[in-house]
Amino acid sequence: MHKVLERQLERMLATGHSVPVEWREFLTAISDTYTHNDEDRILSERSLDLSSKEMVRINQKIQEEEENLRRERDRARTILASMNEGLIVVDQNRQVLSINPAAQQLLGMSSQNSVGQRAEELCSILANGRRLSADKRPIDQTLKYGRPIILTIQDDIGIETRSGKKFPLAVSTAPLKTSQKIIGAVVAFRDISQEKVAAGLVERQVIERTEEAKQRRAQLQASIKNLDIGFIMADQNLSVIMINEASVNILGSQMTDRPKNVNHKIAVGMKIADIEKVVKDNLKLFAECRRVLINQRKAVFRNIPVGNLYLNFYISPVIVGKKSIGVAILVEDTTEARLLERSKDEFFSIASHELRTPLSAIRGNTAIIKKFYGQISRSEIMEMLDDIHSSSIRLIEMVSDFLDLSRLQQGKIKFNFKPMAVGLVVTEVVKELESTAQANKLYLKFSSAIDRLPAVLADRDRVKQILINLVGNALKFTDRGGVTITGRTEGKFVSISVADTGRGISHESQRLLFKKFQQAGESLLTRDTSRGTGLGLYISKLLTMGMGGNVSLIKTEPGQGSTFAFSLPLVKLALKTPNLTGKKITS
């Protein structure tokens with residue numbers, strides 16, 4: 001209509017007709033109104049067309065999503081149905097929403113009998129064989145706190161079904177949430193009976209293997225501990241991680257600054273550099289161990305002098321795969337072997353020198369007497385006879401020592417045990433050796449305390465032999481001063497001490513005491529120039545031990561003298577010791 005009015009208005013204006021202003025405005029307003037309405041209609045028609053197309057597209061999208069959801073649901077159902085583990089879905093009230101076939105089989109229930117029931121109605125959860133209360137069940141903990149829970153074979157969790165069947169269980173629970181709100185939970189579980197049996201077998205095997213390893217380790221440690229040679233193991237930082245008693249006895253005895261009662265526990269943790277301080281400059285032990293560790297080659301060092309010992313060091317790398325993880329050191333004390341060599345030399349020295357010297361004197365003197373008899377004076381003959389006599393006595397003493405040694409070692413000496421007063425024997429020995437002491441301008445005396453010593457049970461002749469050995473040695477190695485004999489009671493023993501003011505014995509030479517053919521000189525490997533077989537102390541020790549006592553070095557200091565003592569057992573009924581005569585000192 002507005003188009004018709006608009007065309008009529010245009011013709012009137014074109015033909016020159018006069019159109020009132022009011023009409024023109026009116027017609028224009030009507031035309032504008034119709035124009036706007038037309039545009040709205042067109043827009044509405046277009047919007048409607050677009051909306052119809054959008055609806056069609058949305059419907060298609062919805063159908064596609066529904067199809068996808070169906071496929072996902074079917075896939076999920078297939079997955080759940082094929083799972084070996086039981087799976088249960090519950091809501092926030094613990095009511096079962098879904099249960100898969102594996103769960104149905106494990107619980108012995110169908111889906112119809114399970115869905116809609118509360119979870120605790122399906123089965124009971126056991127912990128260490130006891131039923132858990134509802135608030136402590138894994139699913140309740142997950143619903144309450146909103147956190148997953150995983151329980152394995154180590155947690156010893158089990159299940160008891162309605163039918164009374166029990167089996168161990170591995171279970172895991174996880175919460176279902178929407179907008180941070182817990183709406184349910186998922187429970188996955190499985191029967192671990194076979195796993196538990198297998199784990200038990202494995203555990204038993206582990207226990208058996210562990211026990212075997214412990215036994216082997218104990219055997220190894222016992223073997224190492226009882227080795228006669230020292231064993232030290234150090235790590236790659238050359239810190240000691242194992243050391244046996246032999247090493248402590250060998251090396252610890254040479255540590256002048258070591259703590260008292262040193263043992264392997266104290267030594268473990270030491271550095272090889274600390275042990276090197278014992279060896280000093282005779283072996284660069286730390287550097288050699290480092291070289292063995294790097295080069296992975298063994299090293300041997302023989303007859304290294306360490307204090308008064310001679311040691312062999314055997315150093316080997318400890319290799320795992322191709323890597324050195326430490327070193328093992330064997331320490332062998334070869335001092336005894338060296339001393340044995342010296343003993344052989346001593347024996348040959350005795351055979352060639354100590355025996356030959358008196359024999360030569362006897363032979364020489366008798367040859368002179370035989371050749372020049374009648375040409376030499378009586379006094380000269382007497383002097384030669386004295387020399388022959390002294391030489392024969394010396395030979396008899398040496399032969400006696402050899403015979404005594406042989407009989408003692410073979411156990412053929414019989415002791416004549418009787419209660420006796422040691423003081424009387426001391427008096428006799430002092431009288432016999434007094435002239436020897438005076439000839440060397442030395443004093444020989446004993447303490448008055450010997451008068452009061454109780455009786456001992458011993459062989460009188462053997463006690464005298466021991467005293468003569470000790471006092472004779474003291475006089476032999478004393479240049480000025482003299483020798484003093486004292487005695488005292490120590491528990492169930494009487495102890496007799498012989499102290500001199502002589503040369504003393506060096507620390508290195510003390511090792512030679514009480515050994516066959518050994519005399520304590522300046523060196524372990526050289527013989528002392530004093531005459532003797534080197535058997536006196538050794539025989540004295542065997543004799544004393546044979547009578548139930550002992551003999552030992554009490555104290556010594558180079559240049560200050562030495563004190564030896566031997567002990568003898570008391571008799572139950574002590575004999576009264578008579579008053580003794582002789583030179584005495586006040587105790």
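Residues numbered from 1 in each chain as written. Predicted model: local features only at pLDDT ≥ 70, side-chain atom pairs only at ≥ 80, totals over all residues. Heavy atoms only, no water.

Chemist: Just to check I follow, could you spell out the overall build of the protein for this structure?
Modeler: Across its full length, the protein holds 16 helices and 21 strands. For the protein, with 587 residues in total, the buried portion stands at 37%. For the protein, the accessible area works out to roughly 35800 Å², and carbon and sulfur atoms hold 53% of it. (Helix = DSSP H or I, 4+ residues; strand = E, 2+ residues; numbered from the N terminus. Buried < 20%, exposed > 50% of the residue type's maximum accessible area, 1.4 Å probe, protein only. Areas by Shrake-Rupley, 256 points an atom, 1.4 Å probe, with all protein chains shown as cover.)

Chemist: Sorry if this is basic, but what is going on with the pairing of strand β19 (residues 550–557) here?
Modeler: The side chains of a regular strand alternate, residue by residue, between the two faces of the sheet. With 7 bridges joining them, β19 and strand β20 (residues 561–569) adopt antiparallel strand pairing. Within β20, the residue paired with Val551 across the bridge is Phe566. From the end of β19 to the start of β20, which pair antiparallel, there are 3 residues, and Gly559 there has a positive phi angle of about 85°. (Pairing = 2+ DSSP bridges.)

Chemist: Can you walk me through helix α7 (residues 245–252) in this structure?
Modeler: An α-helix turns once every 3.6 residues. As a result, residues three or four positions apart point the same way. Of all 8 residues making up α7, 6 are buried, and the element is well covered by its neighbours. Taken residue by residue, α7 has Ala246, Ser247, Val248, Ile250, Leu251 and Gly252 as its buried positions.

Chemist: Looking at this structure, how should I read the sheet that holds strand β11 (residues 299–306)?
Modeler: Within a sheet, adjacent strands bond to each other through the backbone by hydrogen bonds, running parallel or antiparallel. The antiparallel open sheet is built from 5 strands, whose spatial order is β10-β9-β13-β12-β11. In this open sheet, the two strands that pair with only one neighbour each are β10 (240–243) and β11. With strand direction ignored, the average angle separating the axes of adjacent strands in the sheet is 20°. Where β11 and strand β12 (residues 309–320) come together, 6 bridges link them in antiparallel fashion. Residue pairing for β12: Ile304 is matched across the bridge by Leu311. Along the sheet face, α7 touches β9 (230–235), β10, β12 and β13 (323–333) and points at about 100° away from the line of β9. Helix α10 (residues 285–295) contacts β11, β12 and β13 of the sheet and is inclined by roughly 30° relative to β12. (Axes fitted to C-alpha atoms, helices over the stretch in contact; angles between N-to-C directions. Contact = heavy atoms within 4.5 Å.)

Chemist: Sorry, what's going on with the nonpolar core here?
Modeler: Most often, soluble globular proteins keep nonpolar side chains buried together rather than apart. Within the largest apolar cluster, 39 residues are counted, with the highest numbers of intra-cluster contacts made by Leu467, Val471, Ile485 and Phe566. Within the residue set of this core, elements represented by two or more residues are α14 (422–439), β15 (443–447), β16 (456–458), α15 (460–476), β17 (482–490), β18 (493–500), α16 (536–546) and β20. The next biggest cluster of nonpolar side chains, apart from the first, holds 29 residues, and it includes Ala234, Ile243, Ile250 and Val279. (Core = buried A, V, L, I, M, F, W, Y, C linked by side-chain atoms within 4.5 Å.)

Chemist: Quick question: what am I supposed to make of unusual backbone geometry here?
Modeler: As a rule of thumb, non-glycine residues mostly have phi less than zero, and peptide bonds are mostly trans rather than cis. Although it is not a glycine, Leu238 adopts a positive phi angle of roughly 60°. Using a relative accessible area of 0% as the deciding quantity, one classes Leu238 as buried. If you check the backbone angles, Gln296 has positive phi at about 55° while not being a glycine.

Chemist: Just checking my understanding: could you explain the environment of Ile554 for this structure?
Modeler: Structurally, Ile554 can be placed in strand β19. Distance from Ile554 to Ala499, taken between C-alpha atoms, is 9.3 Å for residues 55 residues apart in sequence. Discounting chain neighbours no more than four positions away, the residues touching Ile554 are Thr563, Phe564 and Ala565.

Chemist: Is there a simple way to think about empty space enclosed by the protein in this case?
Modeler: Where empty space is left becomes clear once a probe the size of a water molecule has been rolled over the atoms. Applying the stated criterion across every chain yields a total of 1 cavity of 30 Å³ or more. Looking at the largest cavity, its volume works out to about 200 Å³. Ile88, Cys123, Ile125, Arg137 and Val187 are, among the 16 residues lining the largest cavity, the residues nearest its centre. Secondary structure elements with two or more residues in the lining of the largest cavity: β3 (123–127), α5 (138–145), β6 (157–161), β7 (166–178) and β8 (181–191). The leading source of residues in the lining of the largest cavity is β7, at 3 residues. Of the residues assigned to the lining of the largest cavity, the class counts are 14 nonpolar, 1 polar and 1 charged. (1 Å grid on protein atoms, 1.4 Å probe; cavity = no way out; pocket = protein on both sides within 12 Å on 5 of 7 lines; lining within 4 Å. Points joined across faces, edges and corners; volume = space filled by probe spheres on them. Nonpolar A, V, L, I, M, F, W, Y, C, P; charged D, E, K, R; others polar.)

Chemist: What is the right way to read the packing of aromatic side chains from this model?
Modeler: In this description, an aromatic ring pair is defined by two values, namely the gap between the centres and the angle between the planes. Counted by the stated rule, this structure contains 1 aromatic pair. Where Phe415 meets Phe417, the ring centres are 5.7 Å apart and the plane angle is 40°; that geometry is what we call tilted. The lysine or arginine in question, Lys445, covers the ring of Tyr443, its NZ or CZ lying 4.4 Å from the ring centre. (Phe/Tyr/Trp six-rings, centres within 6.5 Å; stacked < 30°, edge-to-face > 60°. Lys NZ or Arg CZ within 6 Å of the ring centre and 35° of its normal.)

Chemist: Can you walk me through a nonpolar patch on the surface in this structure?
Modeler: The grouping of Met55, Ile58 and Ile62 at the surface amounts to a nonpolar patch, some 250 Å² of accessible area in total. Take Ile58: it is sitting in helix α2 (residues 21–82). (Patch = residues over 30% accessible without salt bridge, like charges linked within 9 Å, V, L, I, M, F, W, Y side chains within 5 Å. Salt bridge = Lys/Arg side-chain N within 4 Å of Asp/Glu carboxyl O.)

Chemist: So what exactly am I meant to see when it comes to the environment of Gln221 here?
Modeler: Looking at where Gln221 falls in the secondary structure, it is placed in helix α6 (residues 193–225). Overall, the relative accessible area of 36% leaves Gln221 in the partly exposed class. Once the C-alpha coordinates of Gln221 and Asn244 are considered, the two residues, 23 residues apart in sequence, prove to be 8.6 Å apart.

Chemist: It is not clear to me how the pattern of salt bridges should be interpreted in this structure. Could you clarify?
Modeler: Two side chains bearing opposite charge may form a pair once their charged atoms approach each other closely. Considering all chains together, one arrives at 14 salt bridges under this definition. Arg460 is the partner of Glu428 in a salt bridge, and the nearest nitrogen-oxygen pair spans 2.3 Å. Of this pair, Glu428 sits in helix α14 while Arg460 sits in helix α15, placing them 32 residues apart in sequence. One salt-bridge network, held together by shared partners, links Arg94, Arg118, Glu120, Arg137 and Asp140.

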